[in-house]
Each structure stands twice: as structure tokens, then as C-alpha cells.
Amino acid sequence: MVYHLNIKMKKYLFLCALVALFCACHSNEPQAKHQVTFRIPQLAVETEPMNAPAVRKVAPLTDEDGAQMTDLILFDGATYLMRQQNTDPAFGTVTVLLTAGEHHLHFIATRSTELSYDEGILNCTSLRPTFGKHYDLNVTGGSDEYVTLDRLTGQVVITIEDEIPAGAANLRIQFGDYYKGLNPTTFAGVRSGDFDQTVSIASKVGMTDQVWRLNILAPVYGTESETTYTLTATNTSGDIIGQATGTMTICSNTKTLL
């Protein structure tokens, strides 16, 4: 009798071992991936405050001035998936393999220069118009998705309305905070320090309504924040011939007029 039970027990343990082995093999199988194609047909330029242009749509992956984006980057959560450049004939259409289930995707299109991605931050040497979209997708099979990107950058527009006087040489532009890096998962601007740039105005002597535009990111996407500014005009001797200081509001997709 004891022997008979031992035989049954051994058979039972053998079956358990087979089931466990099957489950282990099954769990180690690679998860099936599905081909998903994303098409970015246009960039959205929303209505901007302060007498900006009205809502309009522009050509595929170009901004309102007709300048084409140079890079299209895709993240899956914080994971970098791919980068497509405008030298690709299919620029604006990307195909990736995604596992079944929920994905939190982040698209970024920009023409900023010398892009790099380090420690979760997308950096550049010169910030230029940048667009993006958070896109949640439940992958159940292959599909075609159409994604319209929104403007992430704002602008500071500096206008010297008066006639620039004889002897004028330079305009120094300073901001207390400047956000040039971008967190792809939140679209929050990352502070890169103070902004301090000097531009020549010598060739503008005698002219009025001279304009300089600087692209900016906000520390919280879609939310206004404040920073200080100082504008200093000097002559050829380095003497100050005009200066303005104050506090300005910055925000994504918004023009700040100085």
C-alpha cells in the first residue's frame, strides 16, 4: 500500500514538474510585437495671445514661416525609440514595432541645432521652433495612426520702435532664467542658466521697428511663469545709450512682446 502511494506521488510530482517547465518556457517567450505606422501630416499653430496670428495649419512638418523641421523624435515613456531627420524621403512618417498593450508615446519635432539626449533631457545648442504631442495608444495589432503636433516653444519678441541713433553698436539681451533643455515625458523646459547674448545693431542705425525673436521653453508646459529681463543698448565706446529692465511672463505657444 505504501509502495502504491509512492508511485502515485512520483507521477504527481512528475506532472507538476512538466507543468512548471511548460509555464517557464512560455513566460520566457518574447512578447509579440505589432507594426504601427505614425503619420504626422501637419503641425498645429494655435491662436497666440498679444495680437499674434490667428489659428492656421501649415505644410507637413514646417512651421508658419515655411521652415521645415530637421528632426522627428519618438519616445515610449522615457525610452528613446527613434530619430528621423528631414534627409529621409519619408520624413514625417515613421514605422515602429510595439508590444501589445498600453503605450505612452511622446513625439517631438524641432529644428533646434546639435541635439543630444542625456539623463532624460533633450538638449540643444540653439533652441528653435519645437512641436510635440503626448499620445496614448493601446496596441492590439498593426495600425496607422495620424498625429498632429502642437507648439511647445514660445517666443520673446523684442522690438525697438524708435529710430536707432548714430553711433549705436550693440544690444545686450539678458534673461534671469532660460529654459533650453526639454523633458520629453512632460514637455517641461529645463533651466540652462541665465540668458546673456549681445547682438550688433550698428547696421540698423537710422531704422525703426527693428525686431529680434528668441525661442523659449516654459518650466511647466502650458503654464505661465515669470522671469526678469534687461535690455541694454551701447554705442561704439561701450557707453549705455538705452536700457530697459523688468519682469516678463513666458509660456508655451505664446509671444511675449518687449
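Residues numbered from 1 in each chain as written. Predicted model: local features only at pLDDT ≥ 70, side-chain atom pairs only at ≥ 80, totals over all residues. Heavy atoms only, no water.

Asker: Just to check I follow, could you spell out the overall build of the protein chain for this structure?
Answerer: Counting its regular elements, the protein chain contains one helix and 19 strands. Considering the protein chain as a whole, with its 258 residues, one finds that 39% of them fall into the buried category. Contacts spanning at least 24 positions in sequence make up 67% of the contacts within the protein chain whose residues lie at least 6 apart. Here the protein chain displays about 14,100 Å² of accessible surface, and carbon together with sulfur accounts for 52% of that area. (Helix = DSSP H or I, 4+ residues; strand = E, 2+ residues; numbered from the N terminus. Buried < 20%, exposed > 50% of the residue type's maximum accessible area, 1.4 Å probe, protein only. Contact = heavy atoms within 4.5 Å. Areas by Shrake-Rupley, 256 points an atom, 1.4 Å probe, with all protein chains shown as cover.)

Asker: Looking at this structure, I do not really get the pattern of salt bridges. What am I missing?
Answerer: Where charged atoms of side chains with opposite charge meet at close range, the side chains can pair. Taken as a whole, this structure holds six salt bridges when the rule is applied. Note that R83 and D71 form a salt bridge whose closest N and O atoms lie 2.6 Å from each other. Here D71 lies in strand β4 (residues 71-76) and R83 lies in strand β5 (residues 79-85), a separation of 12 residues in the sequence. A cluster of three or more residues bridged by salt bridges with shared partners is formed by D177, R191 and D194. (Salt bridge = Lys/Arg side-chain N within 4 Å of Asp/Glu carboxyl O.)

Asker: Please explain the nonpolar core as it appears in this structure.
Answerer: Nonpolar side chains in soluble globular proteins generally cluster together in the buried interior. Counting 31 residues, the largest nonpolar core has V156, I158, L171, I173, F175, L182 and I201 as its most contacted members. Breaking this core down by element, the ones donating at least two residues are β4, β13 (154-160), β14 (168-182), β15 (189-200), β16 (210-216), β17 (225-235) and β18 (240-250). Other than its neighbours up to four places away in sequence, L182 contacts I108, G120, I121, L122, T130, L152, F187, A188, V190 and L217. Judged by nonpolar contacts, the second largest core, of 22 residues, contains L43, L61, L74 and F107. (Core = buried A, V, L, I, M, F, W, Y, C linked by side-chain atoms within 4.5 Å.)

Asker: Explain the sheet that holds strand β19 (residues 255-257) to me, please; I cannot follow it from the model alone.
Answerer: The pairing of strands in a sheet comes from backbone hydrogen bonds and takes either a parallel or an antiparallel form. Read from one edge of the open sheet, three strands run β16-β13-β19, paired in mixed fashion. With one partner strand each, in any of the chains shown, β16 and β19 form the two edges of the open sheet. Each strand of the sheet is rotated relative to its neighbour by a mean of 20 degrees, with strand direction disregarded. When β13 meets β16, the two strands line up antiparallel, connected through seven bridges. Each bridged residue has a counterpart across the sheet, and for Q155 the counterpart in β16 is N215. (Pairing = 2+ DSSP bridges. Axes fitted to C-alpha atoms, helices over the stretch in contact; angles between N-to-C directions.)

Asker: How should the environment of L72 be read in this particular structure?
Answerer: Mapped onto the elements of the fold, L72 is located in strand β4. Separated by 38 residues in sequence, L72 and T110 have C-alpha atoms that sit 6.8 Å apart. With near-sequence residues (within four places) excluded, L72 lies in contact with I40, M82, R83, Q84, F91, G92, V94, I108, A109 and L149.

Asker: Help me out: how do you make sense of a negative patch on the surface in this one?
Answerer: The grouping of E161, D162, E163 and D209 at the surface amounts to a negative patch. With respect to the element layout, E161 can be found in the loop between β13 and β14. According to the relative accessible area criterion, E161 is exposed, its value standing at 59%. (Patch = residues over 30% accessible without salt bridge, like charges linked within 9 Å, V, L, I, M, F, W, Y side chains within 5 Å. Lys, Arg positive; Asp, Glu negative; His and termini not counted. Charge placed at Lys NZ, Arg CZ, Asp CG, Glu CD.)

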